[in-house]
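# Residue-level structure breakdown
So the chains spell out like this:
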Amino acid sequence: LSREFLSTDEGKWLTAHAYEYGFIFRYTDGTADTQGDITGYVSEPWHLRYVGIDAASEIHYAGQLLEEYLGVLN
């Protein structure tokens, strides 16, 4: 578990392809929630969640957080 995970070859591959397999990154830098104001968690670039291919694709292309996608914002 490392904050530098996304800069590794594996992290770069996951960033580009995780949604194709139904996974999303839950808490990452570069989103509207870097400090955890929406999710309650600060950046955890290794944290993936399975949401299914359809939802992951929608979330990925919309650039949303899971909470935004589900409409459960604070």
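The structure reproduced in this document is the subject of the present report.

The rules behind these values
Residues numbered from 1 in each chain as written. Predicted model: local features only at pLDDT ≥ 70, side-chain atom pairs only at ≥ 80, totals over all residues. Heavy atoms only, no water. Helix = DSSP H or I, 4+ residues; strand = E, 2+ residues; numbered from the N terminus. Polar contact = N/O pair within 3.5 Å; in protein donor to acceptor, adjacent residues only side chain to side chain. Phe/Tyr/Trp six-rings, centres within 6.5 Å; stacked < 30°, edge-to-face > 60°. Buried < 20%, exposed > 50% of the residue type's maximum accessible area, 1.4 Å probe, protein only.

The subject of this paragraph is the side chain of Glu 67. Tracing the backbone through its elements, the reader meets Glu 67 in helix H3 (residues 66-70). Side-chain polar atoms of Glu 67 contact the side chain of Arg 26, separated by 2.7 Å.

On to the packing of aromatic side chains, then. Counted by the stated rule, this structure contains three aromatic pairs. Between the aromatic rings of Trp 13 and Tyr 21, the centroid separation amounts to 5.9 Å while the plane-to-plane angle is 35°, which identifies the pairing as tilted. On the basis of relative accessible area, Tyr 21 is assigned to the partly exposed category, the value being 48%. Ring geometry for Tyr 19 and Tyr 61: centres 5.4 Å apart, planes at 75°, overall edge-to-face. Here Tyr 61 lies in helix H2 (residues 53-62) and Tyr 19 lies in the loop between helix H1 (9-17) and strand E1 (23-27), a separation of 42 residues in the sequence. Residue class for Tyr 19 comes out buried when judged on its relative accessible area of 11%. Classification of Tyr 61 as exposed rests on a relative accessible area of 61%.

By themselves, these observations are geometric and do not establish any function.
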